[in-house]
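This is what each chain is made of:
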Amino acid sequence: VTTMMSICCLVLAVLSQSIWASAFSSGGVASTNLLRRGHHNKFSARCAVRLWSDVPVGGCDDSDHNFSSSSQRSHIVSVKSHNIAGIVNDKGNCDIEIEFGSTACLVCVTGESGSGKSLLVSKALDVVTGGKATNTLVQDQDKESWVELTVRLCEPHLSKVSSTLQHFGIDPLILYHQHTEDTTDDGDHAKEHASVGYLHLQRTLVAGSSGKLKSICRINEKHVSLKTLREIASPLFTTVDVGVASGALARAASRLAMLDIGVEDSLKQQCIQSRDVFKEATKRRKKIKKELESRILPSSMQGNVYGSELEQEQIELLEHWVDELDMFEARVNRFQEAIYEQYSELIADGNGPGSNNIISTLQKFRECVWGEHNDDDDSILANLLQFREDIKAVESQLIAANAAYEGLASLTAPESAAVSLERVRKLLYTISSDDSGPMFEKVERTHELLNIVEESLNECARSIDGGSNSIISTLDNAVCTGVSIEEVDGLVADWNALARKHGISPYALPTCHTSLRQEIDGNVEALKLLPEAEEDERVALEDYTQACKELSSAREIVASNLSRSVTELLPSLGLECTFQVQLTQRPGGFEDPYCGSETLGVDVVDLLLFHNKINGGSNESKRGGKIEQVGSSGEKSRVLLAIETCLPGSIGATCNNYSPQHVIQNGNSPISIVYDEIDAHVGGRAAVTIAKLLADQSSGEASRAGNQIIAITHSASVAAIADRHIVIERGSTSGSSSPAVRASVVDGSSRRKEIARMASGDLAMGEAETFADALIRDALLHRDA
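Residues numbered from 1 in each chain as written. Predicted model: local features only at pLDDT ≥ 70, side-chain atom pairs only at ≥ 80, totals over all residues. Heavy atoms only, no water.

### Considering the overall build of the protein
For clarity, the cut-off: Helix and strand labels come from DSSP, where a helix needs a run of H or I of at least four residues and a strand needs a run of E of at least two; each type is numbered from the N terminus. Exposure is judged per residue with a 1.4 Å probe applied to protein chains only, and the accessible area is read against the type maximum: over 50% gives exposed, under 20% gives buried, and values in between give partly exposed. Here a residue-residue contact requires only that any non-hydrogen atoms of the pair lie within 4.5 Å. Accessible areas in this description were obtained via Shrake-Rupley with a 1.4 Å probe; residue shielding takes into account the shown protein chains only.
Secondary structure summary: the protein contains 26 helices and 16 strands in total. Taking all 785 residues of the protein together, the buried fraction comes to 47%. Long-range pairs, those at least 24 residues apart, make up 72% of the contacts in the protein between residues at least 6 apart in sequence. Carbon together with sulfur atoms contributes 50% to the accessible area of the protein, which is approximately 37800 Å² in total.

This is the structure in structure tokens:
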């Protein structure tokens, strides 16, 4: 049995080496040097007697010259969570800190399912950069919960973050505070400090009285709003998981942003500028045309060509009309001033005596200006008519109040309450002529009650008309003294007569007056400017159309190359598929190009995935369609990884959903890309290829500058090739019902044991460790290739 187990170990080691060698040398992979690392011949003399898992993890060895470039790249240093989702560490407190190292490299995060890997890494990163936070993150609402992120900034991210901070009114010098790890007197390090900064983000979650979470955000200890935190931090990092990949590939704007990564910035900038010029020209033409359409002339002139030479007779007629309307305008203005003077105190008080309707009408009436183009319901005539109706309503109320007073206190009206009361008194006197006795007492008691009634009637009468605060006095004050309703009616009648004379609507009379004055002065600017504006719009449209055509041609080239490259790469990812980038045009095409801000140009991008199916070994047929409709979650994630490999920077543009202008101004490459189990449901050669591609992205072989890659994974292949290996373990702690979590960096035998656990669980641990050591050995050998 022992002999058989030893043979199995050797077989596993040989198989693992052959899998890695064949996968890493596959012709379908876009780059053949994807795993170059800094261990050249370092262990060649000792490999026969030393376990490969005992070799220090390469990406964190700053002494190696091949990693000097990674130390000059921006990267996440650490993420720290406090009181998040009830998680505590193995010491029983609520702080969980994950350190990602001092260089930009490939970091893998592993652990058992449910240990909290995604929560403590991808979710924490999302929250601290302004993402959505839910109440489930704060289980103990009596305590604060917060997430902190420390980022080391190098060029070009340092300049971009500094510029963004300035845009939000924040001094970028806060980035240059010395970090504890960089404190040194060495001259070389002093030079490095000038080009290195640190971004420290913190977001505190506090449960309010209503249960809704409130956020307190800081950037390098400076308080900022959640929106500011999001706009500064979120473009710097990208998280890719199954959900993000599916959403990104389903959005038309994201697909186009991805393709535009391969297009020269100068073409996109030219298209943006020509689009903005065209939009501005169109806006100007519409404004001038609207101004012309608002011009109103008498019906006798509406058939003439505006701007033509006028006969002397027409000029004299126009002058007469203008003089007539000038006089009427002055009359209306005097009326406005007279009414406003009468009611100035009433309007100033706001709640003084009078009708609230009148106050509101007067305020609108005062704001109206003769000749301004207003809606009919808000014009000077509309407010004048409303004022007349309000005055009539107050006069009707005044008539009713006087009638009420007469019916209550008049001594001459036979049916008034005062006359009726006096009649009752006289009748009571006839009931008893005695000066004493029971009947006398009853009559006297009735007289006393009548006195009370009389006092009440007098009080009611005084309330109606008996002082400055009475009803009648209030209504009297609401009617303009010196401005009669007859004067208002006369003004309205003359207004209608002038409108009939010119054959226009009464509401259009002030606008007609302005148009006539412009006509006689020869100052019709809109007529002169409209042809020029139309010509400018035509030229701008031609320029924008040409820019769209050039952009579309460049996109077609990128689409063709991307289709071919991704199709060649997919078999190594376990996908026997054909990938195609299909370009179509929006409705309107080049004749009526799209001018919105969501996308640029006239193109619409669809990503097609066709599954190859072999019939009878010779004839090949394909089934598939748009990837968002036919692709599984795992296929979408792997396709997105393949696109990033062939078109570096596409993940940042796609998943962050940048606008075209944002991409040009802020660049495409994020500081860190977090792949959250992107290798799920993948094994064998495909898993090895994914590991290689992730390592390639971190090294800068396939991307323009290289990124820090953080891979949350269950794949032993990814863990074996990583530069830094972090394990999230969940256990229990004494005195607490919350799960205990420990995040630790593993190396040597600890790393070998973890990779063995990932490969076999608890089965055949001895043989699994031998297999894990073989994986690490082959990864190191391929990094030296």
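### Some words on the environment of R757
By secondary structure assignment, the location of R757 is in helix 25 (residues 748–760). A C-alpha to C-alpha distance of 9.2 Å links R757 and E112, two positions 645 residues apart in sequence.

### Regarding the packing of helix 12 (residues 380–409) against helix 14 (residues 438–464)
Threshold: Where helices are involved, their axes are fitted lines through C-alpha atoms of the stretch in contact, as for all axes, and angles between N-to-C directions lie from 0 to 180°. Oblique is the label for every angle not falling under 35 degrees (roughly parallel), over 145 degrees (roughly antiparallel), or within 65 to 115 degrees (roughly perpendicular). For a crossing to be left-handed, the near helix must be turned anticlockwise from the far one by less than a right angle; the clockwise case is right-handed. Classification convention: Asp, Glu, Lys, Arg as charged; Ala, Val, Leu, Ile, Met, Phe, Trp, Tyr, Cys, Pro as nonpolar; all other residues, Gly among them, as polar.
Packing of helix 12 against helix 14 brings their axes to within 10 Å, and their N-to-C directions diverge by 160 degrees. When the axis of helix 12 is compared with that of helix 14, the two are roughly antiparallel. Once helix 12 is placed against helix 14, the crossing between them reads as left-handed. Residues A401, A404, Y405, L408 and A409 of helix 12 lie in contact with helix 14, whose contacting residues are L457, C460, A461 and I464. Residues belonging to the contact of helix 12 with helix 14 are distributed by class as follows: nine nonpolar, no polar and no charged.

### Some remarks on unusual backbone geometry
Only a minority of non-glycine residues have a phi that is not negative, and only a minority of peptide bonds are not trans. Residue P156 is bonded to the preceding E155 through a cis peptide linkage, with omega at 5 degrees. Its place among the elements puts P156 in the loop between strand 5 (145–153) and helix 4 (157–167). One non-glycine residue, N220, lies in positive phi territory at about 50 degrees. In this structure, N220 sits in the loop between strand 7 (213–219) and strand 8 (222–224).

### Points about the nonpolar core
To keep things clear, this is the line we draw: As used in this record, nonpolar core signifies buried Ala, Val, Leu, Ile, Met, Phe, Trp, Tyr and Cys residues forming a set joined through side-chain atoms within 4.5 Å.
Counting 74 residues, the largest nonpolar core has L562, L570, F579, L607, Y675 and L694 as its most contacted members. Ranked by residue count, the leading element in this core is helix 18 (residues 525–569), at 11 residues. Ranked by size, the runner-up nonpolar core spans 50 residues in total, among them C105, L149, I728 and V741.

### Concerning the packing of aromatic side chains
Heads up, the condition is: In this scheme Phe, Tyr and Trp rings, the latter by its six-membered ring, pair at centre separations within 6.5 Å, and the angle between planes marks the pair as stacked below 30 degrees, edge-to-face above 60, and tilted otherwise. A ring is considered to have a charge above it if a Lys NZ or an Arg CZ atom is located within 6 Å of its centre and within 35 degrees of its normal.
Per the counting criterion, the structure on display carries five aromatic pairs. Consider the rings of F328 and W370, whose centres lie 6.0 Å apart with planes at 65 degrees: the pair is edge-to-face. Highlighted residues: F328 in helix 10 (residues 312–349) and W370 in the loop between helix 11 (356–367) and helix 12, separated in sequence by 42 residues. Considering the side-chain rings of F328 and W495, the 5.6 Å spacing of their centres and the 85 degrees angle between planes classify their relative orientation as edge-to-face. Residue F328 is found in helix 10, and its partner W495 is found in helix 16 (residues 485–502); the two are separated by 167 residues along the sequence. The exposure classification of F328 matches that of W495, with both residues buried. Taken together through their ring pairs, the aromatic side chains of F328, W370 and W495 make up a single cluster. Its guanidinium or amino end placed over the ring of F590, K549 lies 5.8 Å from that ring's centre, counting from NZ or CZ. Across from the ring centre of Y594, 3.8 Å away, lies the NZ or CZ of R586, which sits over that ring.

### Points about the environment of K528
Mapped onto the elements of the fold, K528 is located in helix 18. For K528, a relative accessible area of 51% corresponds to the exposed category. In sequence terms K528 and I288 are 240 residues apart; their C-alpha atoms lie 9.8 Å from each other.

### Notes on the pattern of salt bridges
When the charged atoms of two side chains lie near each other, side chains of opposite charge can form a pair. For clarity, the cut-off: The term salt bridge refers to a side-chain nitrogen of Lys or Arg lying within 4 Å of a carboxyl oxygen of Asp or Glu.
The full count for this structure, using the stated rule, is 24 salt bridges. R555 is paired through a salt bridge with D260; the nearest N and O atoms lie 2.8 Å apart. With R555 in helix 18 and D260 in helix 8 (residues 252–260), this residue pair connects regions lying 295 residues apart in the sequence. On the accessibility criterion, R555 (0% relative accessible area) is buried. Residue classification places D260 among the buried positions, given a relative accessible area of 6%. Ionic pairing is found between R752 and E769, a salt bridge with its closest N-O pair at 3.3 Å. Here E769 lies in helix 26 (residues 765–783) and R752 lies in helix 25, a separation of 17 residues in the sequence. Both residues of the pair, R752 and E769, belong to the buried class. One network of salt bridges, with partners in common, ties together R255, D606, K626 and E628.

### Quick look at the sheet that holds strand 16 (residues 740–745)
What counts here: For two strands to be treated as a pair, DSSP must find no fewer than two bridges joining them.
Taken in spatial order, the seven strands of this open sheet run 2-16-15-4-14-13-9, and their pairing is mixed. At either end of the open sheet lies a strand with only one pairing partner, and these are strand 2 (88–89) and strand 9 (237–240). In this sheet, strand 16 lies alongside strand 15 (residues 724–731) in antiparallel orientation, the contact comprising six bridges. Across the sheet, residue I728 finds its bridge partner in strand 16, namely A743. Contacting strand 4 (106–110), strand 13 (672–676) and strand 14 (708–712), helix 23 (residues 684–699) crosses the sheet at an angle of about 150 degrees to strand 14.

### Re the packing of helix 12 against helix 16
Where helix 12 contacts helix 16, the two axes come as close as 10 Å, and the packing angle between them is 150 degrees. Relative to helix 16, helix 12 is oriented roughly antiparallel. Crossing of helix 12 over helix 16 shows left-handed handedness. The segment helix 12 lies against helix 16, with I380, L381, L384, L385, F387, R388, I391, K392 and E395 engaging I485, V488, D489, L491, V492 and W495. In terms of residue class, the contact of helix 12 with helix 16 is made up of 11 nonpolar, no polar and four charged.

### Regarding the pairing of strand 6 (residues 197–207)
For strand 6, the tally of buried residues reaches nine of 11 residues, placing the bulk of the element in the interior. As defined by bridge partners, strand 5 adjoins strand 6 across nine bridges and the pair is classed as antiparallel. Looking across to strand 6, one finds that R152 is bridged to Y198. Direction of pairing for strand 6 relative to strand 7: antiparallel, over a ladder of seven bridges. The residue of strand 7 that forms the bridge with L201 is I219.

### A closer look at the pairing of strand 15
Pairing geometry for strand 4 and strand 15, over four bridges, is parallel. The residue bridging C108 from the neighbouring strand is H725, located in strand 15.

### Some points on the confidence of the model for the protein
Atomic detail in the predicted coordinates should be set aside for any region of low pLDDT. For clarity, the threshold we go by: Each residue gets a pLDDT score, which is the predictor's confidence in that residue and runs from 0 to 100.
Averaged over every residue, the pLDDT of the protein is 77; the share at 70 or more is 76%. In the model, residues 16–50 has pLDDT below 50 throughout and makes 81 contacts with residues more than four positions away in sequence or in other chains.

### Details of the environment of S74
Spelled out, the test is: What qualifies as a polar contact is a pair of N or O atoms within 3.5 Å, subject to a donor-acceptor requirement within protein and to the restriction that residues adjacent in sequence count only when both atoms come from side chains.
Turning to its location among the elements, S74 is positioned in the loop between helix 2 (68–71) and strand 1 (75–82). Note: C-alpha distance between S74 and P156 (82 residues apart in sequence) is 8.6 Å. Sequence-distant contacts of S74, defined by excluding residues within four places in its chain, comprise A104, R152, L153, C154, H157 and I671. For S74, the side chain forms a polar contact with the main-chain nitrogen of C154, separated by 2.8 Å. Within the structure, S74 has its side chain in polar contact with the side chain of H157 (distance 3.2 Å).

### Digging into helix 6 (residues 226–233)
Worth spelling out the cut-off: Working note: the arc is built from the helix axis to C-beta atom directions.
Of all the positions in helix 6, only T228, L229, I232 and A233 are classed as buried. The buried residues of helix 6 all sit within an arc of 110 degrees when viewed along its axis, so they share a single face. Those residues of helix 6 that are buried are in contact with helix 3 (117–128), helix 4, strand 6, strand 7, strand 8 and strand 9.

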